[in-house]
Each structure stands twice: as structure tokens, then as C-alpha cells.
Amino acid sequence: MIQTEMGTDMAEVLRVENIVKKFPGVLAVDNISLSVKEGEVLAIVGENGAGKSTLTKIICGALQPDSGDIFLEGKKVVFRSPSDAMQHGIAMVFQELATSGGMSVAENIFMNRQPTNGFGFIKRTRMNQDAQEYLDLFGSTISPDTLVKNLPMGEKQVIEILKAVSLLPEIMILDEPTSSFTESEVASLFKLIQKLKEKGYSFIYITHKLSEIFKIADRVLVIRDGKYVSTKRTDEVGEQDLINMMVGRKIEDIYAVDGENASLGEEYFKVSNLCSFGLFKNVTFSLRRGEILGMAGLIGAGRTEVASAIAGIEKISSGTVEIDGKTINITCPYDSISAGMCYVTENRKQLGLYMDFSLSANLIAPSTKDFTRLGFMRNRAIDDFADEQIARFNIISPSREQKVMNLSGGNQQKCLLAMWMSKEPKVLIFDEPTRGVDVGAKTEIYEQIRRFVTKNRGAIVISSEMPELMGMCDRILVMYHGRISGEVKKEDFSEGKILSYASGLA
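Residues numbered from 1 in each chain as written. Predicted model: local features only at pLDDT ≥ 70, side-chain atom pairs only at ≥ 80, totals over all residues. Heavy atoms only, no water.

Draft legend 1. Inspection of the overall build of the chain at higher detail. Check the secondary structure of the chain and you find 17 helices and 22 strands. When burial is assessed residue by residue, the chain has 55% of its 506 residues classed as buried. Here the analysis covers contacts within the chain between residues at least 6 apart in sequence; of these, 67% occur between residues at least 24 apart. Of the accessible surface of the chain, which amounts to about 22000 Å², a share of 48% is contributed by carbon and sulfur atoms. (Helix = DSSP H or I, 4+ residues; strand = E, 2+ residues; numbered from the N terminus. Buried < 20%, exposed > 50% of the residue type's maximum accessible area, 1.4 Å probe, protein only. Contact = heavy atoms within 4.5 Å. Areas by Shrake-Rupley, 256 points an atom, 1.4 Å probe, with all protein chains shown as cover.)

Draft legend 2. Structural view of the pattern of salt bridges. With the rule as written, the count across this model stands at 22 salt bridges. The salt bridge involving Asp130 is made with Arg126; its shortest N-O contact spans 3.0 Å. Here Arg126 and Asp130 lie together in helix H4 (residues 124-138), a separation of 4 residues that amounts to about one turn. As a salt-bridge pair, Asp324 and Arg289 come within 2.7 Å of each other at their nearest N and O atoms. Here Asp324 is found in the loop between strand S14 (318-323) and strand S15 (326-327), whereas its partner Arg289 is found in the loop between strand S12 (280-288) and strand S13 (292-297), with 35 residues between them in sequence. Looking at Asp324, the relative accessible area reads 40%, which means it is partly exposed. (Salt bridge = Lys/Arg side-chain N within 4 Å of Asp/Glu carboxyl O.)

Draft legend 3. Quick look at the packing of aromatic side chains. With the rule as written, the count across this model stands at 6 aromatic pairs. When the ring of Phe110 is compared with that of Tyr134, the centres are 6.2 Å apart and the planes differ by 65°; the resulting orientation is edge-to-face. Residue Phe110 is located in the loop between helix H3 (105-109) and H4, and its partner Tyr134 is located in helix H4; the two are separated by 24 residues in the primary sequence. Take Phe110 and Tyr134: they sit in the same class, and that class is buried. Between Phe138 and Phe181 the ring centres are 6.2 Å apart and the planes differ by 65°, which places this aromatic pair in the edge-to-face class. A residue pair is termed long-range when its members are at least 10 positions apart, and Phe138 in helix H4 and Phe181 in the loop between strand S7 (171-175) and helix H6 (183-198) qualify at 43 residues. Residue Phe138 shares its accessibility class with Phe181, and that shared class is buried. If you follow Arg15 out to its NZ or CZ, it ends over the ring of Phe71, 4.5 Å from the centre. (Phe/Tyr/Trp six-rings, centres within 6.5 Å; stacked < 30°, edge-to-face > 60°. Lys NZ or Arg CZ within 6 Å of the ring centre and 35° of its normal.)

Draft legend 4. Representation of the pairing of strand S1 (residues 12-23) within the structure. Here S1 runs beside strand S2 (residues 26-37); their pairing, made up of 9 bridges, is antiparallel. Within S2, the position partnered with Val16 by the bridge is Leu34. Adjacent in sequence and paired antiparallel, S1 and S2 are bridged by 2 residues, among which Gly25 carries a positive phi angle near 80°. As defined by bridge partners, S1 adjoins strand S4 (residues 67-72) across 5 bridges and the pair is classed as antiparallel. Note on S4: the bridge partner recorded for Leu14 is Leu72. (Pairing = 2+ DSSP bridges.)

Draft legend 5. The arrangement of helix H15 (residues 439-453) in detail. For H15, with 15 residues, the first-to-last C-alpha span of 22 Å sits near the 21 Å given by 1.5 Å per residue. Among the 15 residues of H15, 12 are classified as buried, and the element is accordingly described as predominantly covered. Looking only at H15, the buried set comprises Val439, Gly440, Ala441, Lys442, Thr443, Ile445, Tyr446, Gln448, Ile449, Arg450, Phe452 and Val453. (Expected span 1.5 Å × (residues − 1).)

Draft legend 6. Structural context of the environment of Asn394. With respect to the helices, strands and loops of the structure, Asn394 is situated in the loop between helix H13 (379-392) and helix H14 (409-421). Residues Asn394 and Glu96 lie 298 residues apart in sequence; the distance between their C-alpha atoms is 22 Å. Leaving out residues up to four positions away in the same chain, Asn394 has contacts with Gln389, Asn411, Lys414 and Glu444.

Draft legend 7. Structural detail: the sheet that holds S1. An order of S2-S1-S4-S5 is seen for the 4 strands of this open sheet, with the pairing classed as antiparallel. This sheet does not close on itself; its edge strands, each paired only once, are S2 and strand S5 (75-77). Each strand axis lies, on average, 25° off the axis of its neighbour in the sheet, ignoring direction. As paired elements, S4 and S5 share 3 bridges and run antiparallel to each other. Among the inter-strand pairings, Ile70 is bridged to a residue of S5, identified as Val77. Sitting on the sheet, helix H1 (residues 52-59) touches S1, S2 and S4, and the angle it makes with S1 is about 120°. (Axes fitted to C-alpha atoms, helices over the stretch in contact; angles between N-to-C directions.)

Draft legend 8. Spatial organisation of the side chain of Gln413. Following the sequence through the fold, Gln413 ends up in helix H14. In terms of polar contacts, Gln413 uses its side chain to reach the side chain of Arg348, at 3.0 Å. The residues contacting Gln413, other than those within four sequence positions of it, are Arg348, Glu432, Pro433, Thr434, Arg435, Val437 and Ile445. (Polar contact = N/O pair within 3.5 Å; in protein donor to acceptor, adjacent residues only side chain to side chain.)

Draft legend 9. Focus on H14. Counted at 1.5 Å a residue, the expected span for H14 with its 13 residues is 18 Å, and the 18 Å between its end C-alpha atoms agrees. When you tally the buried positions in H14, you get 13 out of 13 residues, the bulk of the element.

Draft legend 10. Summary view of the environment of Asn18. For Asn18, the position within the fold is in strand S1. Remark: the alpha-carbon pair of Asn18 and Ser67, spanning 49 residues in sequence, is separated by 7.3 Å. If near-sequence neighbours (up to four positions away) are discounted, Asn18 is found in contact with Asn31, Ile32, Ser33, Ser67 and Gly68.

Draft legend 11. Quick look at unusual backbone geometry. At Asp324, a position not held by glycine, the phi torsion is positive, near 55°. Phi at Asn394 is positive, roughly 55°, even though this residue is not glycine. Of the residues examined, Asn394 reaches a relative accessible area of 34% and is grouped as partly exposed.

Draft legend 12. Just the nonpolar core, in detail. Membership of the largest hydrophobic core comes to 100 residues, with the highest contact counts inside it found for Ile193, Leu363 and Phe430. Counting residues in hydrophobic clusters, the runner-up holds 30 residues, among them Ile310, Tyr343, Val427 and Met479. (Core = buried A, V, L, I, M, F, W, Y, C linked by side-chain atoms within 4.5 Å.)

Draft legend 13. Expanded view of the environment of Ser166. Position of Ser166 relative to the elements: it lies in helix H5 (residues 153-166). In sequence terms Ser166 and Phe110 are 56 residues apart; their C-alpha atoms lie 7.6 Å from each other. When residues no more than four places from it in sequence are discounted, the contact partners of Ser166 are Ile109, Phe110, Arg113 and Tyr134. A polar side-chain atom of Ser166 sits 3.4 Å from the main-chain carbonyl oxygen of Ile109.

From the geometry alone we can't say anything about function, so treat these as descriptive.
Below is the structure:
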């Protein structure tokens, strides 16, 4: 475990000077400098594509700069790889997780560093004990021998963070570490960061959740379009100040949309006593036309599992799903999609997008039959459709042929939403629709969801962000241990009430 005590004189441990990084058609990082002090949390904020992840990937050795220098404790260093940076005490938790699903929690935490005996065999009891210490440090109830593939996204994020902590780095870079966390998991992470800060460890913290900055960061650096804007102490600025610096314009209310909100119509989608063995039980709810229905709950409560069952991904043990009065027999995703129900996954990298394919190929992926004639792809129609969706969702890309893996996280998310919203389904389930998305893009996504339900359809929004649920939804269902523990109407929305249901107290 972490035992080393460090000084508290706040000496500079990291300095980055005049970093430049270019990609084809894009100047991603344009002459940015920063410094990090011992025992400090430096937050970095900016819109999607502003250059945050590129800058930090350079600092951790995952990318090489075109020019500029990095200094550790005053000495110039050059990192050729993340492992090279790690040997110098810098570790990064990337926005897109890199856990191995077929391995246990303990094996992931100590990947390639498992304790072995004299014959080279892994000492599993020792490894599990060490992993349990880190899990306890976070306050997690995950078992060390659980296979990671069986964990929800939020708990996978916990594992990635603990993997980095176990390396005992002097500087830890966290890129959107709480994107799938609920409030309680965020609180656990902040307690862990505070413990490490007190021992002299330093952090670079990237987030789109601006409220987090004022809870954990000492200073905040703002970048826009790859350029440095400003660095401020967190007690010198407010959330609106940061938004204005990030986007270069004033955003008053990210949930507001021009025009009237959709009026609610009749119930047309019903889920009755839905069960999936070992995942959830007796889930019953309905959706009205024009309604945005929220689903809240702590990590592992069963929200994603219910959505996955409706989408035909998880097996339904019993219960019924009805749309327009017709019971749908769901055995696979095709059954659900054919009935007019689409699911936007929270895991865009592994389950949502074809990362090696072009933007246009991804946009037509759920609807390829609409773009074929006599067995041949209609390339002109594909190009026109892709251009239309890129404009509609404001996807920032050099071209429609750009590989999705080369887009920023926010633009990947817009691509994922465009894929499924363009199918015009009767019911659309959004699982963490703004995960890893900046405040400007959030506003655009919220507007798209509101426009969707004005067309006599409904949407279900699963989110770990309480303000998002309360700002967007007409009702909120709360899940606890695989069951719906409560329903909160719009006039009764409050974080306290929702959390009481989520924690099983109400």
C-alpha cells in the first residue's frame, strides 16, 4: 500500500513548455504550457476536441509532440511510451477503459505485475489480498476474484483507477474518471484523491462535470481549439466563468430549448413484471408519447441491465414488453429493433461504434439495407446521408471518411446518437447519453432528445448525473438492487429524495 510520506512545500514537480501536436488537417495542441505542483490537483477543461486528451497523452508518453519540452523536477525528459513515463512516476487513466474482461478484478489491477513464487507461478492469495486493500481504500464492495466482464461500466472505471493507484505514481492523470459514476462513487474517488494529496501525490484531472472542479481541484486550466486560454485558482472563478472561457460564448441554461416542450400523450409502451435471472426482478413501468422518462440508481442497481433486456442483449426470464398494444417477443436485438425500439449503449468504444471504420460507415451501420440496390451499396446516397447527419448533429471531423477512432470522445458520442436517432424508432433508450461530453455538446444532445420526443415518441434516459435527470426528465424511476424502489414526479424532484430511493432508505 501507499506509505511514502512526501514534503508539503508545494514544489513544482512537472512543467510542460510550448507543446505542439498536429494531425492531418488538425492542429490539436497549439503551443500550450502548464505546471503541476507537489500535492496539487490541476484540472483541465475545454470543449470536445479542444486538445485536452491529446495534451495529456503527450505528457504520459502515449503520443509524441511535434515540438515542446517536458520537465520533471526541473530535469528535461523524453517519454517514448506510457511505460517509459511510468518509470518516471507518471501514470494515466484513459477516458476509454482498457480492462480485460476475461480476467479477474485482482488480475486487472496487477496486470503484468502479479506476485509470483520462485517457480514463476502467480501467488493468487497474495494478489487477491493486495487487491482487496486497494478496493477497501476506495470503499468498493467488488470482490477481487470477480471477472471484470461481469461488472457494469462504473465499476470497470473503479478498477482502472485502482490499477493506476497501485503503480504508486507521483503524478496521476485522470481523463473523465467519473463519467459513469454516481454521486456516491464520485465522493469515494474524491476521498481517495484527498488522501493521496496529503501524501504529496499530484493529479491532472480532466472532466466535463464542472461542479467537480470546485470540489477537488486547486487550479483549473482552460483550453479552446487547441490553444491556451487561462489558468485560475478555483476560488477565483465560478462555473459560468469556466463555461464562457471554454466555449467563447455565453450559455445560460444547458437544458433550455427554443420552442415549446412536447405535451404528454397516452401510454404506448409498457414493461410488465420484467425479470432477468440474477440481474433484475419484477420491473414494471410505462412510457407516454412525448415523455422523457429518467432512470436513476447507484452502480450495479440494474438500470443498464433492464435497458439491455428490452434491447434483446440480456435474456428475459419472464414478463412482457408491449408497444402500441402489441406484445413483443424479444430474443435478440433484431426483434427489438424491428419493433421500433433502439438502445444507445453507454460503452461506445466496445459496444457502440466500429472504431476502425469511417464516420460515414458508422452512420449507416444500423440501416445498411436502406442504402443498397440489387446487392450494391449506393455510395452517393451514403455520402448525402452522412453529410446530412454530420451537419444535423454538428459532428466535428475533417471529412466523412475520417476513422471514428480519430474523433474526440464527444464527436464519437454524437456519431453514436446519430446512428440510432436517424432510424426514427418509436422508443429510444439513451444510456449515459452525455458521457465524456462537454457542456456545449451536452446542450446540443439535449436539444436532439427533446426534438425526438416532440414527434409523438418517447425516450428513456439512464444517467448517473442527477442535474441531467432533473433538468431533462418528466419522471424519474429509481432502481435499487435490481428492483424499482421508487418513482419521482417532476414537481417532487430533489436530489435527496432520489438518493434515498437509490440507497434503499426510502
